[in-house]
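Remarks on the overall topology
This is what each chain is made of:
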Amino acid sequence: MSRFEFTRRDLMKTGASFAAAPYLLNAQASAAPKAKAKSVIQIWMWGGPSQIDTFDPKPRAGEDYCGPLDKEIGTNVDGITVNAALPKLAKHADKYSIIRSMTHGTNAHETASYLVQTGHKPTPGIVHPCAGAVVSLFKGRGKGYDKKLPPYIVLTEPQGRFSECGFLGLDYKPFATGGDPAKDPFEVSGIIAKGISEKRQQSRRQLLGKLDTLGKSASNLDIFKVAQSSRQEAYDMILGDTKDIFDLSTEKKQTREMYGKNTFGQSCLMARRLAEYGVPYITINYKGWDTHKRHFETMKNKLPELDAGLSALFADLSDRGLLDSTIIWWGGEFGRGPKVQWNAPWNGGRSHHGSCFSVVVGGGGFQGGKVVGKSDEKAAKVAENPVHPQQLLASMYTLMGIDPAAKLPNNRGLDEIVMPLAEGEGLLTEIM
């Protein structure tokens, strides 16, 4: 069974399946803070982006650290610079803050992804839910979100490495769209299929109804009523107005070009539409940043894509009055080794680097135009104000109106809270 086949099944379960886990329905109206944000758009830089080549330039570190990306550029905020390869993002620095002192000290993909996506340290026998699943639990169905689309959507493939829903269970697993939003039509798994019209979908539905003799004979049983309700919700998504959310052809040509006519750019545009619709948590899984070899050749394509898509997302959300209620979180599991590996077989690659890396946050209560922390002269170590993943996630949860001290319900009797903070750690109040 493929990952996408699984997500289609998840889609068919949407709605009534929540009734199967009553312990989850009591999640946890503790002293929740007042919400400033309604949605999160997480841009997951799969593999880990270089801090030097993006938001923590070090032009004076020399060629062994910068390679050809050895220039910085001023932004629209005095005193803040970014790499010169990001000129469009430089014009919107007033809309985001840069954390240049992220650290967890881990260089392994799996462990680092777990730390950043869940905020918890790996524990034998326990898989904690990632941020999207937690937001889905506290802000999804039954908690103020009553839309037809699932509350947690990934564009376009799951992040992998571990189960995103963790011990919360499959009801909190993300719906992965599949397909490619840069293509027309955007073939969304289970909702839009190339060559299958709405009329044909309806014919299929009618045929299935005729063949379902068991369902007809036992229609008064509760279990069949629940199944029918779930089926109706799924068809509402396939045949109703909801599918139009995924039709990017209705956007102006100028808008689509502003984001970039590539998978990442159109994913950003799609994420804006989903946030506008009200989906609480959207992830863009942006692959291609694990650049052990020929790093700079890859950056020639990747950085312009990132620059156009992310800057357009900030600008578009701001112009539509949505940035105040939408958090944008950009970052990966770690950064990349500051010293370039010029020798074979790397030929100009960058290694994993968890000691010091950069994250960008903006909107939804996060202030713009600020820098948190500082790295050393070569972006190898944290020089000032180390920030750990749990501080970032606890801050984000707080802005979403989720109490970091609230208990995470589960059917295993685990005594777990949303986001424990170590002694001496606190929220990122300097940018909230």
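Residues numbered from 1 in each chain as written. Predicted model: local features only at pLDDT ≥ 70, side-chain atom pairs only at ≥ 80, totals over all residues. Heavy atoms only, no water.

In the annotation of an unreviewed UniProt entry, the chain is listed under the name DUF1501 domain-containing protein and assigned to Sedimentisphaera cyanobacteriorum.

Notes on the packing of helix α5 (residues 131–139) against helix α12 (residues 389–399)
Stated precisely, the cut-off is as follows: For helices, the fitted axis covers only the stretch in contact; all axes are lines through C-alpha atoms, and the angles between them, taken along N-to-C directions, range from 0 to 180 degrees. By definition, any uninterrupted DSSP run of H or I lasting at least four residues is a helix, any uninterrupted run of E lasting at least two residues is a strand, and each is numbered from the N terminus. Oblique is the label for any angle not covered by the other classes, which are roughly parallel (under 35 degrees), roughly antiparallel (over 145) and roughly perpendicular (65 to 115). Here a crossing is taken to be left-handed if its near helix is turned anticlockwise relative to the far helix by less than a right angle, and right-handed if that turn runs clockwise. Note on contacts: a residue pair qualifies if any of its non-hydrogen atoms lie within 4.5 Å across the two residues. Residues were grouped as follows: Ala, Val, Leu, Ile, Met, Phe, Trp, Tyr, Cys and Pro as nonpolar; Asp, Glu, Lys and Arg as charged; and all remaining residues, including Gly, as polar.
Viewed as axis vectors pointing N to C, α5 and α12 meet at an angle of 25 degrees, and their least axial separation amounts to 12 Å. Judged by the inter-axis angle, α5 sits roughly parallel to α12. As α5 runs across α12, the sense of the crossing is right-handed. Of the residues in α12, those in contact with Ala131, Val134 and Val135 of α5 are Leu393, Met396 and Tyr397. Classifying every residue of the contact of α5 with α12 gives 6 nonpolar, no polar and no charged.

A closer look at the nonpolar core
This is how it is decided: Take the buried residues of types Ala, Val, Leu, Ile, Met, Phe, Trp, Tyr and Cys, join any two whose side-chain atoms come within 4.5 Å, and each joined set is a nonpolar core. Only protein chains enter the accessibility calculation, which uses a 1.4 Å probe; a residue is then buried when its area is under 20% of its type maximum, exposed when over 50%, and partly exposed in between.
If you look at the biggest cluster of nonpolar residues, it comprises 54 residues, and the most contacted ones within it are Ile43, Phe55, Leu149, Leu274 and Leu306. Counting only elements with at least two residues in this core, the list comes to β1 (39–45), α3 (87–90), β5 (152–155), α10 (263–277), β7 (281–286), α11 (295–319) and β8 (326–331). In terms of residues, this core owes the most to one element, α11, which gives 9 residues. When sequence neighbours within four positions are dropped, the list of residues in contact with Leu306 reads Met45, Thr54, Leu86, Leu89, Phe264, Tyr286, Trp289, Ser311 and Trp330.

Overview of the packing of aromatic side chains
The following threshold applies: Stacked, tilted and edge-to-face pairs are distinguished by plane angle, under 30 degrees for stacked and over 60 for edge-to-face with tilted covering the rest, among Phe, Tyr and Trp rings (Trp via its six-membered ring) whose centres lie within 6.5 Å. Lysine and arginine charges are scored as sitting over a ring when NZ or CZ, respectively, is within 6 Å of the ring centre and within 35 degrees of the ring normal.
Evaluated as defined, the whole model comprises 8 aromatic pairs. Aromatic pair Tyr286 and Trp289: ring centres 5.4 Å apart, planes at 80 degrees, arrangement edge-to-face. Here Tyr286 and Trp289 have matching classes, each one buried. Aromatic ring contacts, followed pair by pair, group Phe55, Tyr96, Phe314 and Trp330 into a single cluster. One residue, Lys147, lies across the ring of Tyr277, its end atom 4.7 Å from the ring centre. One Lys or Arg, Lys287, reaches over the ring of Trp46 and ends 5.4 Å from the middle of that ring.

Observations regarding the side chain of Arg272
Looking at the element boundaries, Arg272 is found in helix α10. On the accessibility criterion, Arg272 (2% relative accessible area) is buried. Other than its neighbours up to four places away in sequence, Arg272 contacts Ile41, Glu251, Thr255, Tyr259, Leu313, Asp316, Leu317 and Arg320.

Looking at the pairing of β7
Look at any regular strand and the pattern is simple: side chains alternate between the two faces of the sheet. The following threshold applies: Should DSSP find at least two bridges between two strands, the strands are regarded as paired.
With 6 of 6 residues buried, β7 lies mostly within the body of the structure. The pairing of β1 with β7 spans 6 bridges and is parallel. Bridging across to β7, Trp44 finds its partner in Asn285. Pairing of β5 with β7, which is carried by 4 bridges, proceeds in the parallel orientation. Considered in β7, the bridge of Tyr152 is made with Tyr281.

Re unusual backbone geometry
Cis geometry marks the peptide bond from Leu155 to Thr156, where omega comes out at -10 degrees. Across the junction of Asp184 and Pro185, the peptide omega takes the value 0 degrees, indicating a cis bond. Topologically, Pro185 is positioned in the loop between β6 (175–176) and α6 (198–211). The phi dihedral of Ala379 falls on the positive side, at around 55 degrees, and the residue is not glycine. Here Ala379 shows up in the loop between β13 (374–375) and β14 (382–384).

Observations concerning the pattern of salt bridges
Inclusion rule: Should a side-chain nitrogen of Lys or Arg be within 4 Å of a carboxyl oxygen of Asp or Glu, the pair is scored as a salt bridge.
Considering all chains together, one arrives at 18 salt bridges under this definition. Close ionic contact of Lys287 with Glu157 constitutes a salt bridge, the shortest N to O distance being 3.1 Å. Linking Lys287 in the loop between β7 and α11 with Glu157 in the loop between β5 and β6, this pair joins segments that are 130 residues apart in sequence. Accessibility expressed as a relative area gives 34% for Lys287, which makes it partly exposed.

Side note on α5
Extensive coverage of α5 is indicated by the burial of 8 of its 9 residues. Restricting attention to buried positions, one finds in α5 the residues Ala131, Gly132, Ala133, Val134, Val135, Ser136, Leu137 and Phe138. If you follow the buried residues of α5, they end up packed against α4 (109–118), β5, β7, β8 and α12.

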